[in-house]
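Chains, contacts and geometry: an overview
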Amino acid sequence: MYLLLIFGRFGGDAVAARIGDRATLLWGGLASVAGFVVLLEAPVAGVAMAGFLLIGLGASNLVPVLYRRAGTQRIMPAVLAVAAITSTGSAGILAGPARIGFVAQAIGLHATFWLLAASMCAVPARARLAAPPRASQRRA
C-alpha cells in the first residue's frame, strides 16, 4: 500500500504533464472525495483502508500542481505566491488537527469526516479557476 502512495506522488508529475494541471486537480479531487465516501460507508476495516488509500492517491498531486500554478501565474510575483501557499499549508498542518478535534468533540468524528469530504469537494469545483485550460485545449 505504501508503495502505491509513493507511485502516486512520483508518477504524478508524468500524469499531470500528460493530462494537464486542470484535469489533475479535477480527477485528484474527485478521487479524494470518493475515498472519503468509501471510508465513511465502509462495512469493514479493510474497505475503510482502501478509502484512505484513495484519498492519498487523489490528494498526492494537488499541492505540487498548486505550487506549479503559483510559479507561473502573473497576478503577483511568483515568490510571494509560493510563499502564500507555503504559509497556508503550514498553518493547515499546525491548526488542522486541532480544529478537527474540536469539531469532532462537538458533532462527532463521523460527521466531521463528512465535513472534510464536503470541503474536499471545493478542489474539483475550483479546478477551472486554479488551472485554466491549456492553449491547445481552448476553443477558437
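Residues numbered from 1 in each chain as written. Predicted model: local features only at pLDDT ≥ 70, side-chain atom pairs only at ≥ 80, totals over all residues. Heavy atoms only, no water.

On to the packing of helix α3 (residues 21–41) against helix α4 (residues 45–59), then. At a minimum axis distance of 7 Å, the contact between α3 and α4 shows a crossing angle of 165°. Taken together, the axis directions place α3 and α4 in an arrangement best described as roughly antiparallel. As for how α3 packs across α4, the hand of that crossing is left-handed. Residue-level inspection shows Gly28, Gly29, Ala31, Ser32, Ala34, Gly35, Phe36, Val38 and Leu39 of α3 in contact with α4, the latter providing Val47, Ala48, Gly51, Phe52, Leu54, Ile55, Gly58 and Ala59. (Axes fitted to C-alpha atoms, helices over the stretch in contact; angles between N-to-C directions. Helix = DSSP H or I, 4+ residues; strand = E, 2+ residues; numbered from the N terminus. Parallel < 35°, antiparallel > 145°, perpendicular 65-115°, else oblique. Left-handed = near helix turned anticlockwise from the far one by under 90°. Contact = heavy atoms within 4.5 Å.)

It is worth spelling out the nonpolar core at this point. Counting residues in each nonpolar core, the largest one holds 14 residues, and the members touching the most others are Leu25, Phe36, Leu39, Ile55, Leu62, Phe113 and Met120. The dominant element in this core, judged by the number of residues it contributes, is α3, at 5 residues. Filtering out sequence-adjacent residues up to four positions away, Ile55 remains in contact with Ser32, Gly35, Phe36 and Leu39. (Core = buried A, V, L, I, M, F, W, Y, C linked by side-chain atoms within 4.5 Å. Buried < 20%, exposed > 50% of the residue type's maximum accessible area, 1.4 Å probe, protein only.)

Looking now at the environment of Arg99. Tracing the backbone through its elements, the reader meets Arg99 in helix α6 (residues 78–107). You can call Arg99 exposed: its relative accessible area is 61%.

On their own, these measurements won't tell you what the molecule is for.
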